Amino acid sequence: MNRLTIEQTQFINQIAEVHEMELERQNTLYKKTKLSVALRIEMIERGLKYNEDAILIQTQEEQLVGFIWARYDKSLKTALIEILYVVPTHRNQGIATTLKKEIEAWARNKGAHKIESTVAYSNKIMQKMNFDMGYDMDKVVMVKNLLVNNEDKHK
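Residues numbered from 1 in each chain as written. Predicted model: local features only at pLDDT ≥ 70, side-chain atom pairs only at ≥ 80, totals over all residues. Heavy atoms only, no water.

1. Points about the overall build of the protein
Applicable threshold: Only DSSP runs of H or I covering at least 4 residues are called helices, and only runs of E covering at least 2 are called strands; the numbering of each starts at the N terminus. In this analysis, two residues are considered to be in contact whenever any of their non-hydrogen atoms come within 4.5 Å of each other. Under the counting rule used here, the positive set is Lys and Arg, the negative set is Asp and Glu, and His together with the chain ends is not counted. A single reference atom marks each charge: NZ on Lys, CZ on Arg, CG on Asp, CD on Glu.
Tallying secondary structure elements over the protein gives four helices and five strands in all. Counting from the amino terminus, helix and strand elements in the protein follow one another as β-α-α-β-β-β-α-β-α. With the C-alpha coordinates aligned to their principal axes, the bounding extent of the protein is approximately 60 × 35 × 35 Å. Within the protein, counting contacts between residues at least 6 apart in sequence, those at least 24 apart form 55% of the total. Of the side-chain charges in the protein, 23 are positive and 21 negative, and the distance between the mean point of each set is 4 Å.

2. Section: unusual backbone geometry
Unusually for a residue other than glycine, N51 sits at a positive phi of about 60 degrees. Tracing the backbone through its elements, the reader meets N51 in the loop between helix 2 (34-49) and strand 2 (53-60). Phi at K77 is positive, roughly 50 degrees, even though this residue is not glycine. Looking at where K77 falls in the secondary structure, it is placed in the loop between strand 3 (63-73) and strand 4 (78-86).

3. Considering helix 4 (residues 124-132)
The criterion, for reference: Residue burial is assigned from relative accessible area. The probe radius is 1.4 Å, only protein chains are included, and a residue is buried under 20% of its type maximum, exposed over 50%, and partly exposed in between. Note: the arc covers the axis-to-C-beta directions of the helix.
Looking at helix 4, one finds that the buried residues are M126, Q127, M129 and N130. Down the axis of helix 4, the smallest arc covering the buried residues is 160 degrees, so these residues share one side. For helix 4, exposure combined with an orientation more than 90 degrees from the buried face picks out I125, K128 and D132.

4. Here's the deal with the pairing of strand 5 (residues 114-117)
Formally: Whether two strands pair comes down to DSSP finding at least two bridges between them. Note on handedness: a crossover is taken as right-handed if, strands pointing away from the viewer, the path from the first strand over the helix to the second is clockwise.
In this structure, strand 4 lies alongside strand 5, joined through four bridges in parallel fashion. Bridge assignment links T78 to a residue of strand 5, and that residue is K114. Read as a crossover between parallel neighbours, the route from strand 4 over helix 3 (residues 95-110) to strand 5 is right-handed.

5. Let's talk about the pattern of salt bridges
Heads up, the condition is: A carboxyl oxygen of Asp or Glu within 4 Å of a side-chain nitrogen of Lys or Arg is what we treat as a salt bridge.
Enumeration over the complete set of coordinates arrives at nine salt bridges. Note that E52 is salt-bridged to R46, the shortest N-O span being 2.6 Å. The class of E52 is partly exposed, set by a relative accessible area of 27%. Since its relative accessible area comes to 43%, R46 is described here as partly exposed. Note that R71 is salt-bridged to E82, the shortest N-O span being 3.8 Å.

If you want it as structure tokens, here you go:
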């Protein structure tokens, strides 16, 4: 496991693609675009450049098999996990747990008093892993999609 550097552009690009793909998969109203990926790349690079973020990667034969990206908010003394992802063929091997433990150590070193992670309601495996690692459920976000009344359609 290594900490990603700003020079590792191939992994930065991959992480941005995966992040956007996962947002689209988990939210029917979100659409991954070339622009959204480019903006995510810029966000990653900025976080790495100013040392506000840490991205830990697990590779195998120079291929990315898992990563975790966390941001640190000094004013809140909180680390926020943006995404934890393991390639499906490499799941159930302890990679996610190892990545999460390492990012927790990074957060402690930064001075964080807590770490937060958003998990999709349907992702019971990640919820169980978090509970097993001592995480508590802090809040539940409830969503209702509303139909947009487009006046142009009614003319």
